[in-house]
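Chains, contacts and geometry: an overview
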Amino acid sequence: MAKCIMVQGTTSNAGKSFLCAALCRIFRQDGLRAAPFKSQNMALNSFITDEGLEMGRAQVMQAEAAGIAPSVRMNPILLKPMSDVGSQVIVNGVPRGNMAARDYFAYKKQLVPDILAAYQSLSAEYDVIVIEGAGSPAEINLKAGDIVNMGLARMVDAPVLLCGDIDRGGVFASLYGTAALLEPEERRRIKGLVVNKFRGDVDILKPGLTMLEELTGIPVAGVVPMVNVDLDDEDSLSGRLGRRDTVGLIDLAVVRLPKLSNFTDFNPLERLPEVSLRYVSSPEELGRPDLILLPGTKNTLGDLRWLRQSGLEAAILQHAARGGAVAGICGGYQMLGEEVSDPDGVEGGGSLAGLGLLPGRTRFQGEKTRTRVEGVFEHAQGIFSGLNGTPFEGYEIHMGETVPTGEADPCTRLRDLRGGEKGDGLARGNVWGSYVHGLFDRAECAAALVNCLRRAKGLGERSAVLDWTDYKERQYDALAAAVRGALDMERIYRILNREE
């Protein structure tokens, strides 16, 4: 069976996901077969495996760092918030239904066998399991029946590293306070404290680190610097979403929907020369971009209402009327059609008129489409006609079906990796939409999109294509180098080998 080490945090967004990714890469570099594990993830950024199963993208990123294929066993429970008080519950990659927070709190103990089966299956195949906690172990109102922090550590007998985010301030209080609120048996599991996201001279911290060790009786395992790497983020706490960068030569504006999901679809576009990508929440922020992108959402009807109420719908329609380019992915694609209806109450029921920019109607269904695909653009129009013939790969993950309302041809042709072909998406003028997430993960497709926008501005095409795989490998190596240099790796290995 595998050895294990767990990373918990004093808060959400303390850097647990990236620390786990770094450890996965370090262990791989040191000749060990490592795999990530997070028993329960709450995120709207998800991924579809080759088997058609849904899991959180953070564990996909960590699997990439470890050099292995992502498996739903790495994230057996995924919660996708649909409202402030309820989520879709996904177990072993398959939806179990929607639950209010109170109902899930009572239900989750029944999921312990699923968690342990997934963990034990991984443990039988790998040398090291790098486990990520969620939120904070000191959320004392949630400790009863905990299955993701100290409760999980107890179940699998994991030693723990506790990390705190110094960038947000109060790191000494948060590390000390977290340890103080734990039960004695739980505190004994913490084998090292980690100060994360530090900027500056570590010597200035040393008096505080010494006092922290004296107060808690737990050694400091390292001070990790703020690492500037470009990797997929966990969710809506991502720093990407707050960017208000200077507008670049090619200006892309992503509408920041309240239930925004899978914004990682657009990360590759940021990496292209002369491209700026902004997330906007109001007509004032929108400006005059070269392309408006409507992203996926976990609540199409609710976010369509918000789009209308915020004034962004009118701004998008004005942009399109001027001949401006608009594209939608998944929920954004559904909004661009003529109508979205929910007769079975998948999202609470009802129907709404869409933006009317694409000739299609969407009807929600109870069964979720979950599949990996490869495809090619066939009937893109206007500014985007240069996309035709461009191949891509990606995955579908949606509850609705969109059908054309006229003679419109699908703008892409898809092949399900498990067999079968079909058309997907619609196009009209300078507007198109598709259900496929990850379209731009293939660099040729990202470059082709930007070249369409360059031609529309009278600019020459860019022929160079960035190799995304090589790019991400360099990012993982940079992250691992920074964390290896900051942590006491001899202590980490002693913790792993149960020598501390």
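All residue numbers refer to position in the chain's written sequence, counted from 1. Given that this is a predicted model, residues contribute local features only at a pLDDT of at least 70 and side-chain atom pairs are listed and counted only at 80 or more, while totals for whole chains, interfaces and linings are drawn from all residues. Side-chain measures here rest on the full set of heavy atoms in the structure, leaving out hydrogens and waters.

A separate point is the side chain of S87. Residue position: S87 is located in strand β7 (residues 86-91). A contact between two residues is defined here by any heavy atoms of the two lying within 4.5 Å. Discounting residues that sit within four places of it in the chain, S87 has contacts with M42, L79, K80, P81, M82, G97, N98 and M99. The secondary structure listing takes helices from DSSP runs of H or I that are at least 4 residues long and strands from runs of E that are at least 2 residues long, numbered from the N terminus.

For the rest of this paragraph, the subject is unusual backbone geometry. Only a minority of non-glycine residues have a phi that is not negative, and only a minority of peptide bonds are not trans. In this model, N262 sits at a positive phi of 55°, which is unusual for a non-glycine residue. Mapped onto the elements of the fold, N262 is located in the loop between β14 (260-261) and α9 (267-270). On the accessibility criterion, N262 (1% relative accessible area) is buried. Non-glycine residue C330 carries a positive phi angle of around 55°. Categorising residues by exposure relies on relative accessible area from a 1.4 Å probe, with only protein chains included: less than 20% of the type maximum marks a residue as buried, more than 50% marks it as exposed, and the intermediate range marks it as partly exposed.

By this rule, a helix spans an expected 1.5 Å times one less than how many residues it contains. With 19 residues, helix α15 (residues 468-486) extends 27 Å from end C-alpha to end C-alpha; this agrees with the ideal 27 Å at 1.5 Å per step. Those residues of α15 that sit buried are W468, Y471, Q475, Y476, L479, A480, V483 and A486. In this structure, the buried residues of α15 make contact with α1 (16-29), α2 (57-66), β12 (220-225), α9 and α14 (443-456).

Moving on: the packing of aromatic side chains. Aromatic pairs are defined between Phe, Tyr and Trp rings, using the six-membered ring for Trp, whenever the two ring centres lie within 6.5 Å; interplanar angles under 30 degrees are classed as stacked, those over 60 as edge-to-face, and all others as tilted. As enumerated under the stated definition, the model contains eight aromatic pairs in all. Taking 5.4 Å as the distance between ring centres and 65° as the angle between the ring planes, the aromatic pair formed by F377 and F392 counts as edge-to-face. Here F392 lies in strand β22 (residues 391-404) and F377 lies in strand β21 (residues 360-377), a separation of 15 residues in the sequence. On the accessibility criterion, F377 (2% relative accessible area) is buried.

Any two cysteine sulfur atoms lying within 2.5 Å of each other are counted as a disulfide. With the rule as written, the count across this model stands at zero disulfides. The thiol of C411 is unpaired, and the distance to the nearest cysteine sulfur, on C445, comes to 11 Å. The class of C411 is buried, set by a relative accessible area of 0%. Between C445, a free cysteine, and C452, which holds the nearest cysteine sulfur, the sulfur-to-sulfur gap is 9.3 Å. Residue C445 is classed as buried on the basis of its relative accessible area, which comes to 0%.

Turning to the environment of E461, a few remarks are in order. Structurally, E461 can be placed in the loop between α14 and α15. Taking the C-alpha atoms as reference points, E461 and A427, 34 residues apart in sequence, are found 23 Å from one another. Among all residues touching E461, those that are not within four sequence positions of it are N451, R454 and R455.

Counting buried positions along strand β11 (residues 190-198) yields eight of nine residues, so the element is predominantly enclosed. As judged from the six bridges shared by strand β10 (residues 160-165) and β11, these two strands associate in the parallel manner. Note on β11: the bridge partner recorded for G164 is V195. For a crossover, the right-handed case is the one in which the path from the first strand over the helix to the second runs clockwise, viewed with the strands pointing away from the viewer. The handedness of the β11 to β12 crossover, carried by helix α8 (residues 206-216), is right-handed. When DSSP locates at least two bridges between a pair of strands, those strands are taken to pair.

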